[in-house]
Amino acid sequence: MTNVINELHTDLYINGEWVTTQDKKDVINPATGETIAQIAQANEAQVEEAIQTAHEAFSGWKALELKERVTYLHKIADLLEENAGRLAEIMTLEQGKPLKESKLEVLSGAESFRWNAEESRRLYGELIPAPNNHKYEIIYEPIGVVAAITPWNFPSGMITRKIAPALAAGNTIVLKPSGDTPLSALAIFELFEQAELPKGVANIVMGSSKEIGQAFTDSNKVNKITFTGSTPIGKALYEQSGQTLKKMSLELGGHAPFIVHEDADIEAAVKGLIAAKFRNNGQVCIAPNRIFVHSSIKDKFMDKLVPEVEALKVGNGLNEESDIGPLIREDAIDKIKQQIVNATDKGATLVTGGHRLTEGEYSNGFFIQPTILDHVNKTMDIFYEETFGPVIPIITFDTIEEALAMANDTEYGLASYAYASDSSIIQQISRTLEYGMVGINEVAISNPETPFGGVKHSGFGRENSHLGIKEYVTAKFVNTQFL
Ligand SMILES: NC(=O)c1ccc[n+]([C@@H]2O[C@H](COP(=O)([O-])OP(=O)(O)OC[C@H]3O[C@@H](n4cnc5c(N)ncnc54)[C@H](O)[C@@H]3O)[C@@H](O)[C@H]2O)c1
Ligand SMILES: N[C@@H](CC=O)C(=O)O
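All values derive from a computational prediction rather than experimental measurement. Numbering of residues starts from 1 in each chain and follows the order in which that chain's sequence is written. Chain labels run from A onward and ligand labels from 1 onward, assigned in the order the entries are written. Given that the model is predicted, a residue must reach a pLDDT of at least 70 before its local features are reported, and side-chain atom pairs must reach 80 or more before they are shown or counted; all residues, however, enter totals for whole chains, interfaces and linings. For the side-chain quantities, the full set of heavy atoms in the structure was used; hydrogens and water were omitted.

S.K.: Would you mind going over the overall build of the chain in detail, with residue names and values included?
M.R.: Each helix corresponds to a stretch of at least 4 residues labelled H or I by DSSP, and each strand to a stretch of at least 2 residues labelled E; elements are numbered beginning at the N terminus. A tally of helices and strands in the chain yields 16 helices and 22 strands. Computed over C-alpha atoms, the radius of gyration of the chain comes to 23 Å, within 12% of the 23 Å expected from 2.2 N^0.38 for 483 residues, which places it in the range of a compact globule. Considered along the principal axes of its C-alpha atoms, the chain spans approximately 75 × 60 × 40 Å. Each residue's exposure class comes from its accessible area (1.4 Å probe, protein chains only) as a fraction of the maximum for that residue type: buried when under 20%, exposed when over 50%, partly exposed otherwise. Per-residue burial for the chain yields a buried fraction of 58% across its 483 residues. Only heavy atoms enter the contact rule, under which two residues are in contact if any of them lie within 4.5 Å. Taking all contacts inside the chain whose residues are at least 6 apart in sequence as the whole, residues at least 24 apart take part in 73%. Residue burial considers only the protein chains on display, and all accessible areas are found by Shrake-Rupley using a 1.4 Å probe. In the form shown here, the chain has an accessible surface area of approximately 19500 Å², with 49% of it arising from carbon and sulfur atoms. Under the counting rule used here, the positive set is Lys and Arg, the negative set is Asp and Glu, and His together with the chain ends is not counted. Charge placement uses NZ in Lys and CZ in Arg. For Asp and Glu, CG and CD serve respectively. Computed over 43 positive and 65 negative side-chain charges, the separation of the two mean positions in the chain equals 5 Å. Computation of the radius of gyration draws on C-alpha atoms alone. For the globule rule, the value is 2.2 Å times the number of residues to the power 0.38.

Okay, here's the thing in structure tokens:
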């Protein structure tokens, strides 16, 4: 175990106390296969206690002077910035991504706290024209206890972008992070403790996902579930929440198209594709997963793309020269290999990569080569299944209508991208794509200021932006008659 992890709390955090348990779960470093920590696993009573605690803390947190809440949130942002190097190392050890990506993610969390602290000052109500002697007003109020469930691919960012707006709006929180990457979450909760956040305002439980999820959805004391993860689990939570009628935000899977039109700036398109596809080794809900290239520019595009992909350095994320780390688990390698074999069996060409790396520095980790598949078509699993790995499937098209129809031919609707120059084509693309987010000649679509979220089976609700905090309030109508 390395020092940054040795020093970490590994217990539950309930009502401002670290609570130990008998039951523990190993956390594995995906670059080395080593066990780097053992984490407390909550029992049913402890999950209930966390919910109860958050419920009891709600009235005090909600009633706090706004400027006091804002001060807490800025303090947390300061602490995230001051500890960014240490938190980045913890993240890379448990998740594998290159250290520079981990650090950016921690810093983006600090931004989330600052952005939402300031947005909480702008949760303006509304006055509606009313009959004489009446006042019609809308007041935005916090919802209550928010239960958050987060995935492993962004072990810090997916947590901060939920907790920051929830707390900013005056709610309290119970978090269940991914069992694969709980250490970044625990490191953040240590900072909450240092910021002297009032007891019970933020609580963390780890343990059986199914049981904790059920406890959250069954509880009448939980008022909202905010979930980021796969589409099947999001749907299960939605169904489970029917009896207690939870407000929900579901940030689910994606299968982003990336269209390169005949008049695209090819160099910019390749640069954008490399950046978006290989960030976190393709384990990103907004990673481009189907690359539609106009037949007239296909050769030029491939001539630029292939050497760029072959130059990427795969390695332990702690090494500065690594561009790409490992995948999260053994089964993630199996899934990618199955997609590659299925595609090549059905006629795709393996242009580069395609194999697991097993020798020397790679021998105990979950490493796979960055891969390009050409001549991909709809008969192949990779056309419809979310990839979550470093594979670029190339599909050619002749008309923009054909590309857009293929791009929309998916149950997902999270992110989409296109490179083109003609303004009427750009307009056609951005209006026709059935996605929550469209990047045109740009892949940076995840910012504190801009709304993030999907349509169709990618879920609903928006994170970040001025809309993000609205997911954590309820609109109360007050009709006052002046007698
Ligand atoms: N739309 C977005 O913003 C976004 C962002 C990141 C990841 N994702 C999606 O997340 C997925 C990858 O993450 P993952 O593998 O951790 O997803 P996952 O759905 O397996 O797990 C997500 C979280 O849900 C928990 N969970 C699992 N089963 C549960 C159950 N029955 N009840 C309650 N909770 C349960 C997990 O422990 C984890 O904390 C991909 O599909 C990816 O696209 C979406
Ligand atoms: N954290 C990612 C989204 C999910 O995988 C981002 O904000 O880009």
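S.K.: Which residues make up the site of ligand 2, and what values do they have?
M.R.: One heavy atom within 4 Å of a molecule or strand makes the whole residue count as near it. All residues adjacent to ligand 2 are Asn-153, Phe-154, Met-158, Arg-161, Arg-279, Val-284, Cys-285, Ile-286, Ser-446 and Phe-452. For ligand 2, an oxygen atom lies 3.1 Å from a polar atom in the side chain of Asn-153. Two N or O atoms count as a polar contact when they lie within 3.5 Å, although within protein this holds only if one can serve as hydrogen donor and the other as acceptor, and sequence-adjacent residues are included solely when both atoms are side-chain atoms. Between ligand 2 and Ser-446 there is a distance of 2.5 Å, counted from an oxygen atom to a side-chain nitrogen or oxygen. Against a free-state accessible area of 260 Å², the protein chains account for coverage of 97% of ligand 2. Residue classes in the shell around ligand 2 are distributed as 6 nonpolar, 2 polar and 2 charged. Amino acid classes used here: Ala, Val, Leu, Ile, Met, Phe, Trp, Tyr, Cys and Pro are nonpolar; Asp, Glu, Lys and Arg are charged; the rest, including Gly, are polar.

S.K.: Report on the sheet that holds strand β5 (residues 126-128), specifying residues and quantitative values.
M.R.: On the basis of which strands lie adjacent, the open sheet formed by 3 strands has the order β5-β6-β22 and antiparallel pairing. Every interior strand has two partners, whereas the edge strands, β5 and β22 (473-481), have only one. The average angle at which neighbouring strand axes cross in this sheet is 25°, direction not considered. In this description, strands pair whenever DSSP reports at least two bridges between them. Bridging between β5 and strand β6 (residues 134-142) involves 3 bridges; their strand directions are antiparallel. If you follow Leu-127 over to β6, its bridge partner there is Glu-137. Lines fitted to the C-alpha atoms define the axes, with helices restricted to the stretch that makes contact. Angles between their N-to-C directions range from 0 to 180 degrees.

All we've got here are geometric facts, nothing functional implied.
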